[in-house]
Amino acid sequence: MVSRDLLWIPVFALLVAFAVPWFMWGMDTIVAGLPIWLWWHIGWMILSAACFYWFASGAWDRAMGIDPEEDAGVIERREGASTESEGEPR
């Protein structure tokens, strides 16, 4: 799992490196009414959002030392305790 988690480092490095389309500077090509560099930026932001979603749904928990199964039990216990104490007077 550690090697899979380490793959996120170059993924995010590439996302940062190509966030600014420096190789498109000076291009005046228009596609569907917008400059091509703007389409690059829109696509890149969608790709970045997808990568962050995949990272947050998997590797984030492992990097923070969180066990999702253990935390689910804690949440269930908290929800059960709050409903019992709210409905009945002591």
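Criteria and thresholds
- Residues numbered from 1 in each chain as written.
- Predicted model: local features only at pLDDT ≥ 70, side-chain atom pairs only at ≥ 80, totals over all residues.
- Heavy atoms only, no water.
- Core = buried A, V, L, I, M, F, W, Y, C linked by side-chain atoms within 4.5 Å.
- Buried < 20%, exposed > 50% of the residue type's maximum accessible area, 1.4 Å probe, protein only.
- Helix = DSSP H or I, 4+ residues; strand = E, 2+ residues; numbered from the N terminus.
- Contact = heavy atoms within 4.5 Å.
- Patch = residues over 30% accessible without salt bridge, like charges linked within 9 Å, V, L, I, M, F, W, Y side chains within 5 Å.
- Areas by Shrake-Rupley, 256 points an atom, 1.4 Å probe, with all protein chains shown as cover.
- Salt bridge = Lys/Arg side-chain N within 4 Å of Asp/Glu carboxyl O.
- Phe/Tyr/Trp six-rings, centres within 6.5 Å; stacked < 30°, edge-to-face > 60°.
- Expected span 1.5 Å × (residues − 1).
- Arc of directions from axis to C-beta.

Caption draft 1: The nonpolar core, seen in detail. With six residues, the main nonpolar core is built from Trp8, Leu15, Trp44, Cys51, Phe55 and Ala59. Counting residues per element, the ones that place at least two in this core are α2 (8-17) and α3 (36-57). Take this core: its biggest share by element is three residues, from α3. Apart from the residues within four sequence positions on either side, Trp8 is in contact with Cys51, Trp54, Phe55 and Ala59.

Caption draft 2: Molecular detail of a nonpolar patch on the surface. A contiguous nonpolar patch, built from Val20, Trp22, Phe23 and Trp25 and spanning about 500 Å² of accessible area, is present on the exposed surface. Its location among the elements puts Trp25 in the loop between α2 and β1 (30-31).

Caption draft 3: Molecular detail of the packing of aromatic side chains. Enumeration over the complete set of coordinates arrives at nine aromatic pairs. Seen in terms of ring centroids, Phe18 and Trp44 are 6.3 Å apart; in terms of plane orientation they differ by 65 degrees. Their pairing is edge-to-face. With Phe18 in the loop between α2 and β1 and Trp44 in helix α3, this pair connects stretches of sequence that are 26 residues apart. The exposure class assigned to Trp44 is buried, which follows from its relative accessible area of 13%. With a centroid separation of 5.4 Å and an interplanar angle of 85 degrees, the aromatic rings of Trp22 and Phe23 are classed as edge-to-face. Overall, Phe23 belongs to the partly exposed group, its relative accessible area being 36%. Among the aromatic residues, those joined into a ring-pair cluster are Phe18, Trp22, Phe23, Trp40 and Trp44.

Caption draft 4: Structural context of unusual backbone geometry. Phi is positive for Ala32, close to 55 degrees, though the residue is something other than glycine. Take Ala32: it is sitting in the loop between β1 and β2 (34-35).

Caption draft 5: Broad picture of α3. Over its 22 residues, α3 extends 32 Å from the first C-alpha to the last, a length consistent with the 32 Å expected when each residue adds 1.5 Å. For α3, the set of buried residues is Trp44, Ser48, Cys51 and Phe55. End-on view of α3: buried residues confined to an arc of 70 degrees, all on one side of the axis. Residues of α3 that are exposed and point more than 90 degrees away from the buried face comprise Ile46 and Tyr53.

Caption draft 6: Region of interest: the environment of Trp8. By secondary structure assignment, the location of Trp8 is in helix α2. The class for Trp8 is buried, based on a relative accessible area of 18%. Each C-alpha atom of the pair Trp8 and Phe55 lies 7.6 Å from the other, and the pair is 47 residues apart in sequence.

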